[in-house]
Amino acid sequence: MTILPPEPNFEALRLRLARLRGERGWSYDDLAERTGKSRRTLIEIEQGRTVGSLDTWHALGHAFGVPLADLFAALCEGHDRPEGVAR
């Protein structure tokens, strides 16, 4: 029997990005300058049109001062914890 993991919660990840940017009062241009990524890429990620690359998320984590693990934790929002995984 194959047990597949639940679908990642990309909406929660997108909202996390929007919340972090909003809390700092940064425009897309500000974030682009801090990450070295294009404004268009950042807009498309935040608006849910693309997921973005690991490289982009790494740059975002550094710009916000947030570890990738904390950013990506949003992907599991609403999921049950897998069996055998400690809290």
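Okay, so let's go over this structure. (Residues numbered from 1 in each chain as written. Predicted model: local features only at pLDDT ≥ 70, side-chain atom pairs only at ≥ 80, totals over all residues. Heavy atoms only, no water.)

**Remarks on the overall build of the protein chain**
Filter applied, for reference: Secondary structure elements are defined from DSSP: runs of H or I of at least 4 residues count as helices, runs of E of at least 2 residues count as strands, and each element is numbered from the N terminus. Partly exposed residues are those whose accessible area sits between 20% and 50% of the maximum for their type, while under 20% is buried and over 50% is exposed, using a 1.4 Å probe and protein chains only. Areas reported as accessible are Shrake-Rupley estimates using a 1.4 Å probe. Residue values count occlusion only from the protein chains shown. Lys and Arg are tallied as positive, Asp and Glu as negative. Neither His nor the chain termini are counted. One atom stands in for each charge, and that atom is NZ of Lys, CZ of Arg, CG of Asp or CD of Glu.
If you tally the helices and strands in the protein chain, you get five helices and zero strands. Overall, the protein chain shows an N-to-C arrangement of helices and strands of α-α-α-α-α. Summarising its shape, the C-alpha atoms of the protein chain cover approximately 50 × 25 × 20 Å along the three principal directions. Looking at the protein chain residue by residue over its 87 residues, the buried ones come to 31%. Taken as a whole, the protein chain presents about 5,900 Å² of accessible surface, with 51% of it coming from carbon and sulfur. Side chains of the protein chain carry 12 positive and 13 negative charges; the gap between the two charge centres is 3 Å.

**Overview of the side chain of glutamate 46**
The condition that has to hold: Residues adjacent in sequence count toward polar contacts only when both atoms are side-chain atoms; beyond that, a polar contact is any pair of N or O atoms within 3.5 Å, and within protein one must be able to donate a hydrogen and the other to accept it. Contacts are assigned to residue pairs with any non-hydrogen atoms lying within 4.5 Å of each other.
Note on placement: glutamate 46 falls in helix α3 (residues 39-46). For glutamate 46, the side chain forms a polar contact with the side chain of arginine 21, separated by 2.8 Å. At a separation of 3.0 Å, a polar atom in the side chain of glutamate 46 contacts the side chain of tyrosine 28. Not counting residues within four places of it along the chain, the set of residues in contact with glutamate 46 comprises Arg14, Leu17, Ala18, Arg21 and Tyr28.

**Overview of the pattern of salt bridges**
Worth spelling out the cut-off: Criterion for a salt bridge: a side-chain nitrogen of Lys or Arg within 4 Å of a carboxyl oxygen of Asp or Glu.
Enumeration according to the criterion identifies five salt bridges in this entry. As a salt-bridge pair, arginine 14 and glutamate 11 come within 2.6 Å of each other at their nearest N and O atoms. Taken as a pair, arginine 14 and glutamate 11 lie in helix α1 (residues 10-24) at a separation of three residues, close to a single helical turn. By relative accessible area, which is 18% here, arginine 14 ends up buried. For glutamate 11, a relative accessible area of 42% puts it in the partly exposed group. Its salt-bridge partner being arginine 21, residue glutamate 46 comes within 2.8 Å of it at the nearest N-O pair. Here glutamate 46, found in helix α3, pairs with arginine 21, found in helix α1; they are 25 residues apart in sequence, far enough to count as distant.

**What to know about the nonpolar core**
As a rule of thumb, soluble globular proteins bury nonpolar side chains together. Stated formally: Buried residues of nine kinds, namely Ala, Val, Leu, Ile, Met, Phe, Trp, Tyr and Cys, make up a nonpolar core once their side-chain atoms join them within 4.5 Å.
Leu17, Leu31, Leu42, Trp57, Leu60 and Phe64 are the most contacted members of the largest nonpolar core, which totals 19 residues. Counting only elements with at least two residues in this core, the list comes to α1, α2 (28-35), α3 and α4 (54-64). Each residue touching leucine 17, except ones within four places of it in the same chain, is listed here: Leu31, Ile45, Glu46, Trp57, Leu60 and Phe64.

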